[in-house]
Amino acid sequence: MTKDLRVGVAGLGTVGASLVRLIERKSNALTARCGRPVRVSAVSARDRTRDRGVDLSGMAWFDDPVALATSADVDVYVELIGGEDGPAEASVRAALAAGKPVVTANKALLARHGVELAALAEANGTALFYEAAVAGGIPVIKTMREALAGNEISRVYGILNGTCNYILTRMEQEGLDFSDCLADAQRLGYAEADPTFDIEGFDTAHKLAILTSLAFGSRIDSEAIYCEGISSITQADIEAAGELGYRIKLLGVAQRTDSGIEQRVHPTMVPKTSAIARIDGVLNAVAIDGDAVGEVVLVGPGAGGDATASAVLGDIADVARGHAIPTLGMPADTLAPYEAARMRRHEGGYYIRLSVYDRSGAFAEIARIMADEDISLESIVQRDRSRAGDLSEPHSDAPQPVILTTYETTEAAVKRALATIMARNVVAGDPQMIRIEKLR
Ligand code: NDP
Ligand code: HSE
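Residues numbered from 1 in each chain as written. Chains lettered and ligands numbered in written order. Predicted model: local features only at pLDDT ≥ 70, side-chain atom pairs only at ≥ 80, totals over all residues. Heavy atoms only, no water.

### So, a positive patch on the surface
For clarity, the cut-off: Think of a patch as exposed residues, more than 30% relative accessible area, with no salt bridge, where like charges cluster within 9 Å and nonpolar side chains (Val, Leu, Ile, Met, Phe, Trp, Tyr) cluster within 5 Å. In these tables, accessible area is a Shrake-Rupley quantity obtained with a 1.4 Å probe, and a residue counts as shielded only by the protein chains included in the view. By definition here, a salt bridge exists when the distance from a side-chain nitrogen of Lys or Arg to a carboxyl oxygen of Asp or Glu is within 4 Å. By the counting rule applied here, Lys and Arg register as positive and Asp and Glu as negative, while His and the ends of each chain are not counted. Lys charges are placed at NZ, Arg charges at CZ, Asp charges at CG and Glu charges at CD. A helix here means a DSSP run of H or I that spans at least four residues, while a strand means a run of E at least two residues long, and both kinds are numbered starting from the N terminus.
Taken together, the side chains of Arg21, Arg25, Lys26 and Arg33 make up a positively charged region of the molecular surface. For Arg33, the position within the fold is in helix 2 (residues 27-34).

Encoded structure:
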């Protein structure tokens, strides 16, 4: 039998501690599957005294992850610290520069520096693995990078953030407040260290940027992604969606269009009958349209210690077996420049919620403004104020919640129409606008 694979783990939080436990628990199976023992030989975190519920005896401790990453006693460096810069970036660069394989779950790092890190790995004859960085426990990187190599991919989309899906599911099913659901997601270890990344869509954008590169052979450009989070979603929207036959999900979508690649992250109304509408709680789903295979849909836990450690360990097993694949599926210098399609050219249906002043002619004016932009309305419903979450005392001129849905139109037309409506002083407050996606 060949010699042990010595694993160095930096970061002993939700994922790192779960990984150390999992490697211990699966020791015999790993030896059988990889043809050699796999063991954690060294670790790093900030606080050496913290009880993490894992036995660290027999493992060398490093205060500095860069020293761990370059230690001669470590064969593979596993980065589970997080963050796009700082110690995560420095240690990953140091390991790759030393020719050491790296496994990471850090999507922020890859979205920002992925192409450079891929080139660094190639230049030093080593490999960078990152299965856990997208959709937690779902093996989507392996699927796209290896199993679907024989396909031209036209679209990849899905629910890519466990925290947001958990929040939206509990708000809908239990009528709970946004902030209570977020606090539970944090307690369960699903959320990022700064949960703004989850709820404002940035984490989904980081993951989508990686999938876009794998799908289209393009350089990663997360800055080009249109990004909206879920923090503006209210019970009124969730209830209205239900009545209209939809559920609200935070989707990341990347697709080829005539004007380039469209990358967008936003809350989306999806038909209740669609497969994606049934993905609840911390589950994620990724759908990939390939020309040879058709549509492939992968579903599984998108966050959490054990599920994420499972993906990290799959990568470590690849290292133990001596597998090496170009980081982004092809040599870094052959990746095409990313050509962004403008969001204003996006076409689809829209849900719009307005608070309309109860004055004669207000409805007619809104309908006229929509018609002037060639927007066909599918439905227009005036809702009871209390059902829309407004519990203040009614008065004669109080604004009334009105919900419109449109047939397919362009983003630019909807944005122009809403700007005109706002300027005419017929509505109170900002309009809510949610895109509708007619998925199967
Ligand atoms: P945590 O915040 O739970 O853990 C981070 C760990 O990094 C802590 O153990 C912390 O040490 C350690 N750390 C921070 N700074 C340093 C430093 N300078 N030197 C050494 N160690 C340091 O994060 P998670 O485990 O949740 O996430 C880790 C990575 O995995 C992130 O990139 C995240 O995005 C990604 N990820 C997380 C998932 C999840 O469900 N949680 C799912 C998929 C990916 P200490 O404990 O001493 O403070
Ligand atoms: N915070 C992330 C999520 C972790 O909730 O999906 C998994 O990447």
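Text resumes after the structure shown.
### A look at the site of ligand 2
Put simply, the rule reads: The rule for a residue being near a molecule or strand is that one of its heavy atoms must lie within 4 Å of it. For the purposes of these results, a polar contact is taken to be a pair of N or O atoms within 3.5 Å, where, inside protein, one atom must be able to donate a hydrogen and its partner to accept one; residues adjacent in sequence count only when each atom of the pair is a side-chain atom. Three classes are used, and their members are as follows: Ala, Val, Leu, Ile, Met, Phe, Trp, Tyr, Cys and Pro are nonpolar, Asp, Glu, Lys and Arg are charged, and the others, Gly among them, are polar.
Neighbouring residues of ligand 2: Lys107, Asn161, Gly162, Thr163, Tyr190, Ala191, Glu192, Asp198, Asp203, Lys207, Gly302 and Ala303. Here an oxygen atom of ligand 2 and a side-chain polar atom of Lys107 are 2.5 Å apart. One nitrogen or oxygen atom from the side chain of Thr163 is found 2.6 Å from an oxygen atom belonging to ligand 2. The protein chains hide 94% of the 260 Å² of surface that ligand 2 would expose on its own. Residue assignment for the shell around ligand 2 shows that the elements contributing at least two residues are helix 7 (162-174) and helix 10 (202-216). Considering only residue class, the shell around ligand 2 consists of three nonpolar, four polar and five charged.

### Points about the site of ligand 1
Around ligand 1 sit 25 residues, and of these Val15, Asp47, Arg52, Glu192 and Gly304 come closest. Measuring from an oxygen atom of ligand 1, one finds a backbone N or O atom of Val15 at 2.9 Å. With the chains in place, 86% of the 900 Å² that ligand 1 exposes on its own is no longer accessible. In terms of residue class, the shell around ligand 1 is made up of ten nonpolar, nine polar and six charged.

### A word on the sheet that holds strand 4 (residues 76-79)
Under the convention used in this document: Should DSSP find at least two bridges between two strands, the strands are regarded as paired. The criterion used for residue contact is that any of the two residues' heavy atoms lie within 4.5 Å. Helix axes use the C-alpha atoms of the stretch in contact, all axes being lines fitted to C-alpha atoms, and the angles between their N-to-C directions lie in the range 0 to 180 degrees.
Taken in spatial order, the six strands make up an open sheet running 3-2-1-4-5-6, and their pairing is parallel. Among the strands making up the open sheet, the edge pair consists of strand 3 (60-62) and strand 6 (128-129). As judged from the three bridges shared by strand 2 (residues 38-44) and strand 3, these two strands associate in the parallel manner. The residue of strand 3 that forms the bridge with Ser44 is Phe62. The strands touched by helix 4 (residues 86-97) are strand 4 and strand 5 (102-104); relative to strand 4, the strand with the most contacts, the crossing angle is about 165 degrees.

### Some details on the packing of aromatic side chains
The test is simple: Here the aromatic set is Phe, Tyr and Trp, taking the six-membered ring for Trp, and pairing holds for ring centres within 6.5 Å; pairs whose planes are under 30 degrees apart are stacked, those over 60 apart are edge-to-face, and all others are tilted. Working definition: with a 1.4 Å probe on protein chains only, accessible area under 20% of the residue-type maximum means buried, over 50% means exposed, and in between means partly exposed. Only when the NZ of Lys or the CZ of Arg is both within 6 Å of the ring centre and within 35 degrees of the ring normal is a charge said to sit over the ring.
The full count for this structure, using the stated rule, is two aromatic pairs. Between Tyr166 and Tyr190 the ring centres are 5.6 Å apart and the planes differ by 75 degrees, which places this aromatic pair in the edge-to-face class. On the criterion of sequence distance, the pair formed by Tyr166 in helix 7 and Tyr190 in the loop between helix 8 (178-187) and helix 9 (196-199) is long-range, its members being 24 residues apart. Tyr190 matches Tyr166 in its accessibility class, with the two residues each being buried. An angle of 80 degrees between the planes, with centres 6.1 Å apart, marks the rings of Phe197 and Phe202 as edge-to-face. Cation over ring: Arg359 sits above Tyr357, and NZ or CZ is 4.4 Å from the ring centre.

### Structural notes on the side chain of Ser222
Position of Ser222 among the secondary structure elements: in the loop between helix 10 and strand 8 (226-227). Ser222 gets classed as buried once you look at its relative accessible area, which sits at 17%. Apart from the residues within four sequence positions on either side, Ser222 is in contact with Ala111, Ala205, His206 and Ala209.

### A word on the side chain of Ser274
Along the chain, Ser274 turns up in the loop between strand 10 (260-271) and strand 11 (283-290). If we ignore the near neighbours within four places in the chain, the residues touching Ser274 are Leu439 and Arg440.

### Quick look at the nonpolar core
Just so we agree on the cut-off: Only buried residues count toward a nonpolar core. Its members are Ala, Val, Leu, Ile, Met, Phe, Trp, Tyr and Cys residues joined through side-chain atoms within 4.5 Å.
Grouped together as the largest cluster of nonpolar side chains are 72 residues, with contacts concentrated most on Val140, Met144, Leu211, Ile230 and Ile288. Examining the composition of this core, we find that eight residues originate from one element, helix 10, more than from any other. Leave out the neighbours within four places in its chain, and Val140 touches Glu131, Val134, Ala135, Leu211, Val286, Ile288 and Leu298. Formed by 35 residues, the second largest nonpolar core is a distinct cluster that contains Trp61, Leu80, Ala132 and Val312.

### Some words on the pairing of strand 7 (residues 153-159)
For strand 7, the buried fraction is high: five of the seven residues fall into the buried class. As paired elements, strand 7 and strand 11 share six bridges and run antiparallel to each other. Across the sheet, the residue bridging to Arg155 is Asp289, located in strand 11. Direction of pairing for strand 7 relative to strand 9 (residues 246-257): antiparallel, over a ladder of four bridges. Bridging from a neighbouring strand, Val156 pairs with Ala254 of strand 9.

### Concerning helix 8
Condition: The arc in question is the one traced by the directions running from the helix axis out to the C-beta atoms.
Residues of helix 8 that are buried include every one of Phe178, Cys181, Leu182, Asp184 and Ala185, and no others. Seen end-on, helix 8 carries its buried residues on one side only, within an arc spanning 160 degrees. Among the structural elements, helix 7 and helix 9 are those in contact with the buried residues of helix 8. Following helix 8 by one or two positions, Gly189 adopts a phi angle in the positive range, close to 80 degrees.

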